[in-house]
Structures are given as C-alpha cells and as structure tokens.
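Single-letter residue listing:
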Amino acid sequence: MIRIENLSKTFTLHNQAGAVLRVMEGANLTVEAGECVGLTGQSGAGKSTLMRMIHGNYLAASGSIRVAGLDVVTAQPRQIIALRRDRLGYVSQFLRVVPRVPTIEVVAEPLRRLGTPEAEARTRAAALLARLNIPERLWGLSPTTFSGGEQQRVNIARGFAHPFPVLLLDEPTASLDAANREVVLSLIEEAKARGAAILGIFHDEAARVRVCDRLVDVTGFTPGAAA
Ligand SMILES: Nc1ncnc2c1ncn2[C@@H]1O[C@H](COP(=O)(O)OP(=O)(O)OP(=O)(O)O)[C@@H](O)[C@H]1O
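Under an unreviewed UniProt entry, the name given to the protein chain is Phosphonate C-P lyase system protein PhnL, and the source organism is Paracoccus simplex.

And the structure:
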C-alpha cells in the first residue's frame, strides 16, 4: 500500500545563499494493508518531512514512493489530487478550513467530492461528530472559533469520513482528553480491521504501543546513517 525505495530529500535554502540541507538518504519503508507503522526518531530527524513527501507536498530528490499504486515522486499534480481524493487520507494536527463553512459540511465534504449523495454524506458526518463528542449545537457553525481540541476532533472526523485505503496520521491524539483519545484509537483500530495501511507519528507512547504493529526510526534515514 505504501512502498518507499531509496528515497532522498534535500532542502535548498534560497534565502541563505542557496545552502543545501541533506535531510534524508536511502530511505526504505513498506506499510501493508491492515498494518499501522509508527515513525520514531528525535525532533528534527525527518518524520514530518517523510509524511509530507508521501502526501506529495514535498518533492523527493530521488527514489520512489508508491502509494496505492501511484509513484508520488514522478506523478503529475492532477494524479496526486486524485490520489488524495479517493485513496490517501491525511490527518494533520491542525485544521485548515475555508472560513464560514459549517462544521458538518467540513466533515461531509470529502464524501461529497467522491459523489456520495448529500443525505448519506451528512449522516456519516453527523455520526462521526457525535462519536467524537462535538455537541450538535456546534455542527452548523464554522469550526474556526472552536477550541484546539474541538478543531482537532473535527479534523479527525473529516479524515475518517471516507474509508481511505491509506492513511497518514500526524499526532492524532495530541491535545485530546482521555475519552476522546479512546474514540480516536478505536477509529484507528477499525480502519486497520477494514484493511487500511496506516503510517503515523504518535508522541503519545501508550497510543503508539496500542495501535502500532511496528515502529520505524527515521534516524536510520539520516544521510550517513544508512548501512
Ligand atoms: N521546509 C523546510 N525547509 C528547510 N528545512 C526543512 C524544512 N522542513 C524541514 N526541514 C528540516 O528537515 C529536518 C527534518 O525536519 P522534520 O520537521 O521532518 O523533523 P521531525 O522529525 O518531524 O521533528 P519534530 O518531531 O520536531 O516534529 C530538520 O533539520 C528541519 O530543519
């Protein structure tokens, strides 16, 4: 489902005399269907950079990243847009939304983009919002003024609305209380059970132990570290 081979990444700092940072070299990683792999490694080791490359936000210097059959390193932008629409979900830590769009629409939108009938999309969105304990009186409001934890839960509801075969999770339990953390861990377990391939960053160690089948330390992908 995710197959990364011999991946390298450099950053060119155009505002600093074109300095080139080599941040990753010879990275290999596979995530199979039904498996959850956790990325570890100290701050700055490259966990987020790797996730952004898989999502197609950062361009690799070389190597390949096959996600549900598409190599995102060489793919055209429209192919990446299609991949994100139906096969690759990404739950980042922060919600980014268009102002004034009601919460229920924010959550239903990924389904509507796939052609799900309006009523069905809203029913699914409502079920997820209820499960994540977002009070119904807030569903018609834009989430822009919600608390950090509420915004994170709206983001999770949106990320889990469509049963993506591949999911990237960036600290999905970061600012949640115990009850909501439990809901999110159950959603992850259910996604694994239906065969999703999941790659995540979990600073919450207990969460990591519970949902991850394997851990991969990205420090091994630091230039010079590869054997
Ligand atoms: N857009 C960018 N431009 C230049 N350098 C970057 C950029 N993004 C990341 N880096 C560099 O790449 C390296 C890896 O950063 P990254 O954010 O992937 O680490 P991380 O393991 O996710 O860290 P943390 O746990 O602190 O979030 C760092 O040295 C960082 O400074």
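K.L.:
Explain the pairing of strand S4 (residues 62-67) here, please?
P.N.:
As a general feature of sheets, a regular strand has side chains that alternate between the two faces. Strand direction decides the pairing type here: strand S1 (residues 2-13) and S4, joined by five bridges, are antiparallel. Looking at S4, one finds that Glu 5 is bridged to Ser 64. Sheet topology note: the S4/strand S5 (residues 70-71) ladder contains two bridges and is antiparallel. Paired with Arg 66 across the bridge in S5 is Asp 71. Linkage of S4 to S5, two consecutive antiparallel strands, is achieved through a turn of two residues, within which Ala 68 is found at a positive phi near 45°.

K.L.:
Sorry, what's going on with the site of the ligand here?
P.N.:
In the vicinity of the ligand lie 13 residues, with Ser 43, Gly 44, Lys 47, Ser 48 and Thr 49 positioned nearest. With respect to the ligand, the side chain of Lys 47 contributes an N or O atom lying 2.8 Å from an oxygen atom. One of the side-chain N or O atoms of Ser 48 is found 2.7 Å from an oxygen atom in the ligand. Burial of the ligand by the protein chains amounts to 64% of its free accessible area of 640 Å². Only S1, strand S2 (19-31) and helix H1 (47-55) provide two or more residues apiece to the shell around the ligand. With three residues, the top contributor of residues to the shell around the ligand is H1.

K.L.:
Quick question: what am I supposed to make of the sheet that holds strand S9 (residues 214-217) here?
P.N.:
Neighbouring strands of a sheet are bound in pairs by backbone hydrogen bonds; such pairs are parallel or else antiparallel. Spatially, the five strands line up as an open sheet ordered S6-S7-S8-S3-S9, and their pairing is parallel. On the outer flanks of this sheet lie strand S6 (88-91) and S9, each paired with one strand and no other. Taken pair by pair, the neighbouring strands of this sheet meet at an average axis angle of 20°, ignoring direction. With four bridges joining them, strand S3 (residues 36-40) and strand S8 (residues 197-201) adopt parallel strand pairing. Looking at the pairing, Cys 36 lines up with Ile 198 of S8. Of the strands in this sheet, S3, strand S7 (166-170) and S8 are in contact with helix H6 (residues 178-193), which crosses S8 at around 150°.

K.L.:
Help me understand the side chain of Ser 92, please; the structure alone is not making it clear to me.
P.N.:
As for its placement among the helices and strands, Ser 92 is situated in the loop between S6 and helix H3 (103-113). Here Ser 92 falls in the buried class, since its relative accessible area comes to 11%. In terms of polar contacts, Ser 92 uses its side chain to reach the backbone carbonyl oxygen of Phe 94, at 2.9 Å. Leave out the neighbours within four places in its chain, and Ser 92 touches Asn 155 and Asp 170.

K.L.:
When you look at the sheet that holds S1 in this model, what are you seeing that I'm missing?
P.N.:
Reading across the sheet, the four strands line up as S2-S1-S4-S5 and stay open at both edges, with antiparallel pairing between neighbours. In the strand order of this sheet, the two ends are held by S2 and S5, each with one partner.

K.L.:
Any chance you could explain the packing of aromatic side chains here in plain terms?
P.N.:
Note on aromatic pairs: each is described by the distance of the centres and the angle between the planes. Under the criterion given, the structure shown has one aromatic pair. Ring centres 5.3 Å apart and planes at 85° place the aromatic pair Phe 11 and Tyr 58 in the edge-to-face group. Here Tyr 58 lies in the loop between H1 and S4 and Phe 11 lies in strand S1, a separation of 47 residues in the sequence. Sitting above the plane of the Phe 11 ring, Lys 9 keeps its charged end 4.7 Å from the centroid.

K.L.:
Which parts of the structure should I look at to understand the environment of Glu 25?
P.N.:
As for its position among the elements, Glu 25 is in strand S2. Distance in space between the C-alpha atoms of Glu 25 and Thr 222 is 6.0 Å, their sequence separation being 197 residues.

K.L.:
Before we go on, may I ask you to explain the pattern of salt bridges in this structure?
P.N.:
Where side chains of opposite charge bring their charged atoms close, a pairing between them can arise. The tally for this structure, following the rule as stated, stands at 14 salt bridges. Two residues, Glu 32 and Arg 3, come together in a salt bridge whose shortest N-O distance is 3.9 Å. With a gap of 29 residues between them, Glu 32 in the loop between S2 and S3 and Arg 3 in strand S1 connect regions that are remote in the sequence. Assessed through its relative accessible area of 38%, Arg 3 is described here as partly exposed. In this structure, a network of salt bridges that share partners links the residues Glu 105, Arg 112, Glu 118 and Arg 122.

Thresholds, definitions, all that
- Residues numbered from 1 in each chain as written.
- Predicted model: local features only at pLDDT ≥ 70, side-chain atom pairs only at ≥ 80, totals over all residues.
- Heavy atoms only, no water.
- Pairing = 2+ DSSP bridges.
- Helix = DSSP H or I, 4+ residues; strand = E, 2+ residues; numbered from the N terminus.
- Near = heavy atom within 4 Å.
- Polar contact = N/O pair within 3.5 Å; in protein donor to acceptor, adjacent residues only side chain to side chain.
- Areas by Shrake-Rupley, 256 points an atom, 1.4 Å probe, with all protein chains shown as cover.
- Axes fitted to C-alpha atoms, helices over the stretch in contact; angles between N-to-C directions.
- Contact = heavy atoms within 4.5 Å.
- Buried < 20%, exposed > 50% of the residue type's maximum accessible area, 1.4 Å probe, protein only.
- Phe/Tyr/Trp six-rings, centres within 6.5 Å; stacked < 30°, edge-to-face > 60°.
- Lys NZ or Arg CZ within 6 Å of the ring centre and 35° of its normal.
- Salt bridge = Lys/Arg side-chain N within 4 Å of Asp/Glu carboxyl O.

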